[in-house]
Each structure stands twice: as C-alpha cells, then as structure tokens.
Amino acid sequence: MSGQSLAAPNAGVDEMTGSRRTRVVILDFGSQYTHLIARRVRECGVYSEVLRFDAAPSEIAEGTGAIILSGSPFSIYGEDAPKPDPGIYELGIPMLGICYGMQAMTETLGGKVSPGTTREYGPMGFEPGDKHRLFEGLSGTAKVWMSHGDEVMEPPAGFEVLGRSADGKIASIGSDERRFFGLQFHPEVVHTEHGKLVLENYVHEICGIPSNWSPASFVEETVAAIRKQVGDSKVVCALSGGVDSSVMSVLIHRAIGDNLFPIFVDNGVLRKSEDHEVIERLKTRLGLSIDIVDARGRFLDRLAGVEDPEKKRKIIGTEFIRVFEEEAKKLGDIKFLAQGTLYPDVIESISVKGPSATIKSHHNVGGLPEHMDLELIEPLKTLFKDEVRKVGAELGIDPDILGRHPFPGPGLAVRILGEVTAERVAILQEADAIAIDEMRNAGLYNDIWQAFAVLLPIKTVGVMGDERTYENVVVVRAVDSLDGMTAHWFPMPHEVLERMSARIINEVRGVNRVCYDISSKPPSTIEWE
Ligand code: XMP
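Here's what I pulled together on the structure shown here. Nothing here was measured: the structure is a model prediction, and the numbers come from that model.

**Comments concerning the packing of aromatic side chains**
Then step 1. Inspection of the entire model under this criterion finds 9 aromatic pairs.
Then step 2. The structure contains a cluster of three or more aromatic residues connected by ring pairs, namely F29, F53 and Y100.
Then step 3. Over the face of the ring belonging to F452 we find R415, whose NZ or CZ atom lies 3.7 Å from the ring centre.
Then step 4. Across the ring face of Y445, the terminal group of R440 is positioned such that the distance to the ring centre comes to 3.9 Å.

**Let's talk about the pairing of strand β7 (residues 142–148)**
Then step 1. Here β7 lies mainly inside the structure; 5 of its 7 residues are buried.
Then step 2. Bridge analysis of strand β6 (residues 120–128) against β7 gives 7 bridges, and the strand direction is antiparallel. Residue P123 lies in a different strand from β7, and its bridge partner there is W145.

**Concerning the environment of P156**
Then step 1. Structurally, the position occupied by P156 is in the loop between β8 (151–154) and β9 (160–165).
Then step 2. Along the primary structure P156 and L109 are separated by 47 residues, whereas in three dimensions their C-alpha atoms are 5.7 Å apart.
Then step 3. Once you skip the residues sitting within four places of it in the chain, P156 turns out to touch T106, L109, G110, G111 and I173.

**With respect to the nonpolar core**
Then step 1. V236, V420, M439, I448, M492 and I504 are the most contacted members of the largest nonpolar core, which has 49 residues in total.
Then step 2. Among the elements that take part in this core, helix α14 (residues 422–441) stands out by supplying 8 residues, more than any other.
Then step 3. Within the second largest apolar cluster, 37 residues are counted, among which are W213, I279, L342 and I397.

**Quick look at the site of the ligand**
Then step 1. Surrounding the ligand, one finds 12 residues, the nearest of these being R313, G409, K521, I526 and E527.
Then step 2. A distance of 2.8 Å is found between an oxygen atom of the ligand and a backbone nitrogen or oxygen belonging to G409.
Then step 3. Within the backbone of I526, a nitrogen or oxygen atom sits 2.7 Å from an oxygen atom of the ligand.
Then step 4. Within the complex, 82% of the 490 Å² of free accessible area of the ligand lies under protein.
Then step 5. Each residue belonging to the shell around the ligand can be placed in one class, and the counts come to 4 nonpolar, 5 polar and 3 charged.

So, how was this worked out
- Residues numbered from 1 in each chain as written.
- Predicted model: local features only at pLDDT ≥ 70, side-chain atom pairs only at ≥ 80, totals over all residues.
- Heavy atoms only, no water.
- Phe/Tyr/Trp six-rings, centres within 6.5 Å; stacked < 30°, edge-to-face > 60°.
- Lys NZ or Arg CZ within 6 Å of the ring centre and 35° of its normal.
- Buried < 20%, exposed > 50% of the residue type's maximum accessible area, 1.4 Å probe, protein only.
- Helix = DSSP H or I, 4+ residues; strand = E, 2+ residues; numbered from the N terminus.
- Pairing = 2+ DSSP bridges.
- Contact = heavy atoms within 4.5 Å.
- Core = buried A, V, L, I, M, F, W, Y, C linked by side-chain atoms within 4.5 Å.
- Near = heavy atom within 4 Å.
- Polar contact = N/O pair within 3.5 Å; in protein donor to acceptor, adjacent residues only side chain to side chain.
- Areas by Shrake-Rupley, 256 points an atom, 1.4 Å probe, with all protein chains shown as cover.
- Nonpolar A, V, L, I, M, F, W, Y, C, P; charged D, E, K, R; others polar.

See the structure below:
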C-alpha cells in the first residue's frame with residue numbers, strides 16, 4: 001500500500017454542501033496531553049477544537065475534516081471508562097485514535113484489546129512496517145513516547161498493522177478505506193521524534209485539510225464577528241497592560257473604535273512604572289482611549305495589617321470589582337464586558353471529570369458578569385498564548401509588550417511576604433526593576449519564562465562603609481516553564497547575578513542582602529505566596 005494516495009479527490013469537502021471541512025475535532029478522554037494535540041494541529045496551520053469524549057455526532061460533524069481521539073488515564077476495561085458515541089464511526093470523517101483512542105476504536109469496531117503483559121512507558125523504538133503514507137518522511141526506527149498498559153492484540157476487520165514497537169507489539173493500525181488510523185504512541189509530545197510530521201501527514205495528506213489559519217485571517221474574521229455581535233453598543237473591559245488584555249483591547253478597538261472603554265486600575269501593587277509605560281504606549285501608538293483609575297490609596301488602606309496571602313488575594317479581587325463597577329457605571333449605557341479568556345481555560349472546563357473546579361478564577365475578572373448583568377465577549381477564547389502573541393504582532397503591538405512575563409493579578413502583594421505597606425511596595429518595585437533591567441541588559445529576558453523579585457519579612461545584619469546595617473532581604477526568582485504548571489529555576493549566569501546583587505544593594509535603600517531562588521516547581525511554586 002505504500003506510495004498510494006489516500007486523500008480522496010473530495011477529501012476535506014462536505015459531500016452534502018460541497019463546502020470545505022477545515023476543522024479538526026479532538027475528543028478528550030482525559031489525557032494530560034489533549035491540549036498538546038490541539039496545539040500541534042494548530043501548528044500545522046489548521047484550526048482545532050477540543051470537545052468532550054461524549055459529544056454528539058451532529059456536533060462533532062459540523063465543518064469537521066478530521067477527528068482525533070485522545071489518550072486517557074482510564075483503562076478501556078475500567079467501569080467508568082469514557083466511551084464515545086458509536087455514531088462517530090458512521091460519520092464518514094477520517095479518524096485518528098491515539099493510545100487509549102486507538103484502543104477504544106479497536107474495541108468498538110470488533111478488534112481485540114487486552115490488558116497487556118507488560119507496560120510500555122517512556123521512550124520506545126517504533127518501526128513503521130511497509131512504509132505507509134502516515135509515516136512518510138520517517139526513516140528507520142523512530143524514538144516515540146509511549147504510556148500504556150492495555151494493548152491492541154488484533155486490529156478490527158479491514159484494518160492492517162502499520163507499525164510495531166521495538167518489542168514487537170502492535171503500535172499502529174489503519175484502514176485506508178475508512179481512513180481510520182491508530183497510534184499507540186503519542187505524536188503530540190516533544191519526546192516523539194517526527195511526531196509533528198505524523199500529524200501533518202494525517203491532517204494534510206490523508207484528510208486533505210490545507211493550512212489555512214493565520215493571524216491575519218483570525219484578525220479579519222474576529223473583527224467582523226465582533227462588529228456583528230456588538231453593533232453600535234458599548235463594550236467595557238479591564239486592561240492590565242499584560243499580553244492578553246492588551247491584545248484583546250487592540251483587537252476590539254479595531255472592530256468598534258471608541259465604543260470600547262478599557263479601564264486600567266492602578267491598585268498600588270504594580271511593577272515600577274512599567275505598567276504605566278505600557279498603557280501610555282497603547283494609548284498613543286495604538287489610539288486606545290483608556291480610563292486610568294488611580295486606586296492605590298484604596299487598595300493599600302484595605303491591605304493594611306493583612307499578612308495572610310489568601311486574604312490579600314481576596315481583598316484585591318473584591319476591591320478590583322468595586323472599582324471597576326464604579327467606573328463602568330460612570331460610563332453609562334454599557335452592554336458588553338470583554339474578557340481575555342484563552343483556550344487552555346476553555347479546555348479545562350470541558351474536562352472528562354466534569355467542569356473543573358480548579359479553573360483559575362484569576363484568569364478572568366471573576367464574578368463580574370453576573371454582578372453587572374453584562375453580555376460577555378471573549379474574542380481570544382479559541383487561542384493559545386503563542387497564538388495571542390502572533391495576533392498581537394499582526395495588530396502592530398510592540399514585541400516588548402507581547403513578550404512581557406506573566407504577572408499575577410494580586411501583583412506585588414503576593415511578593416511582599418507579610419504586611420504590604422507603601423514603603424515596602426516602593427522597595428520591591430525598585431529591586432524588581434533592577435533585576436529585570438539586568439536580565440534585559442544580558443539579553444536573557446526573552447529566554448526566561450517569568451522573573452521577579454520578592455521581599456522577605458525578615459531583616460539581616462550587614463555592614464556598609466563603617467556602619468552596621470540591619471535591613472531587608474530581597475530574593476530574585478527566575479524560571480523556565482511552558483505554561484506555569486511546572487517550572488525549573490533558571491541557571492542565571494554568575495556575572496548577571498553579581499551585577500543584580502551589587503546594584504540592588506547599592507541603589508535600593510533598605511536592602512542589604514540579595515538571594516537567588518534555586519527551587520523548581522514542584523515541589524515549590526513560582527510565586528512565594
Ligand atoms: P504558582 O505560584 O502557583 O504560579 O506556581 C503559577 C503562575 O500563576 C501566576 N499566579 C497568579 N496569577 N493571580 C494571578 O493572576 C494569582 O493569584 C496568582 N497566583 C499565581 C504566577 O505568577 C505564575 O505565572
């Protein structure tokens with residue numbers, strides 16, 4: 001079968017309507033890698049969407065050119081094993097089952113799956129047999145990532161074995177007639193050599209879906225959709241100067257101009273002048289008219305005497321909503337609230353285990369819509385972070401705004417351990433600005449996922465000139481990470497550490513000691529509180 005063209009002449013075209021089927025649907029059976037599958041498909045330039053494993057076939061079929069069944073922590077034999085609606089196998093849409101997905105497909109279509117004699121976990125060799133189109137471009141044995149106990153013993157009727165693992169187990173099956181395929185390994189993880197190539201072969205060659213997503217097309221379509229949804233109404237949004245809210249605001253502004261009312265609340269625990277600079281640039285360069293609210297005094301009053309980090313978070317969250325509501329009310333007749341929700345939040349909410357209780361309310365302005373009775377618009381909710389950055393670049397936003405490190409909503413309040421006072425905020429702002437400045441000077445800022453300074457609630461002894469000092473300790477933290485879920489401390493070059501330390505101690509009054517945090521997450525967290 002090698003070399004044979006699998007993309008039927010009408011592949012990727014809806015037989016009923018003749019319109020192109022351009023979406024890839026990923027059914028989520030609870031794998032920790034589901035979002036990676038979605039990302040990798042997007043990297044092929046194709047729009048992908050994650051749906052729950054039990055989505056109705058009619059919902060799945062809409063505009064869909066390919067289906068991918070994800071892996072799962074469940075065993076296909078488990079009592080509560082998630083199973084898709086069998087109707088999905090009758091849609092005539094090509095399908096790729098990954099790990100558990102392949103086993104589920106095999107079991108339903110009459111093949112044989114068994115609990116497996118040994119587990120295959122971690123890197124393994126994969127040998128594509130008589131090279132199938134799916135594996136075009138792979139040479140010899142490929143190193144792939146496996147993680148399974150159950151195994152396919154016999155493919156369903158009409159399927160062939162397309163490849164085996166180094167120890168001879170069935171690692172890929174396929175039916176060219178139905179365009180159904182299965183992989184026992186995970187092509188979506190970086191440890192799988194040529195994994196992206198396998199997905200590209202599947203999406204482009206077998207399913208016939210062309211690359212069609214681009215930041216420019218996203219901007220064009222989203223601007224049109226926002227105009228249609230919003231009409232002449234007014235939209236309010238919170239603008240923090242972070243990547244998501246900046247891109248969201250500029251995008252909506254492109255659609256509806258000055259009917260967008262972004263509100264920037266200075267809560268007194270922001271980074272030194274940097275946030276204001278960003279807001280100024282968004283105003284002058286991109287023409288946003290921004291309502292800047294100086295609420296520093298209000299927040300600091302409410303934080304006085306509070307040491308518990310969760311209380312600090314709650315106070316800042318509640319006060320933010322109050323300030324925001326007051327400002328929005330002044331604007332009068334507002335119909336919509338825009339939020340910078342991203343796709344990972346959406347994926348989390350369709351988890352197999354039901355709407356996740358762990359959704360981070362801090363990603364959105366928690367509670368605002370019900371409170372304010374506004375309709376919600378979330379123009380970035382189909383995008384991953386890297387795509388948001390690309391859209392931002394398309395909109396003409398400066399690279400250094402788009403490359404800013406993440407900053408938590410409660411800001412410096414969770415980086416000042418113990419009580420937050422105006423004086424302690426000023427010390428930390430200075431120290432943090434120097435640390436970041438030195439990372440930028442060394443050309444390291446963009447290599448680091450997140451970096452900042454922390455002010456400890458203790459004092460230490462030092463000596464300056466001939467005098468004994470008893471002053472504060474600042475910790476510098478810098479981490480490598482992909483999504484903040486896990487992180488490794490950044491190996492900062494010694495000379496950079498030296499410059500940071502010398503400058504902070506010399507230039508920031510009230511600090512006589514600097515430490516560098518060498519803890520990874522887990523078991524530590526990125527923030528100190
Ligand atoms: P941790 O400290 O949990 O942080 O390892 C992971 C990422 O989340 C950010 N973070 C927050 N962001 N409100 C936010 O908006 C918060 O309360 C909050 N706590 C942590 C943190 O900066 C890191 O990027």
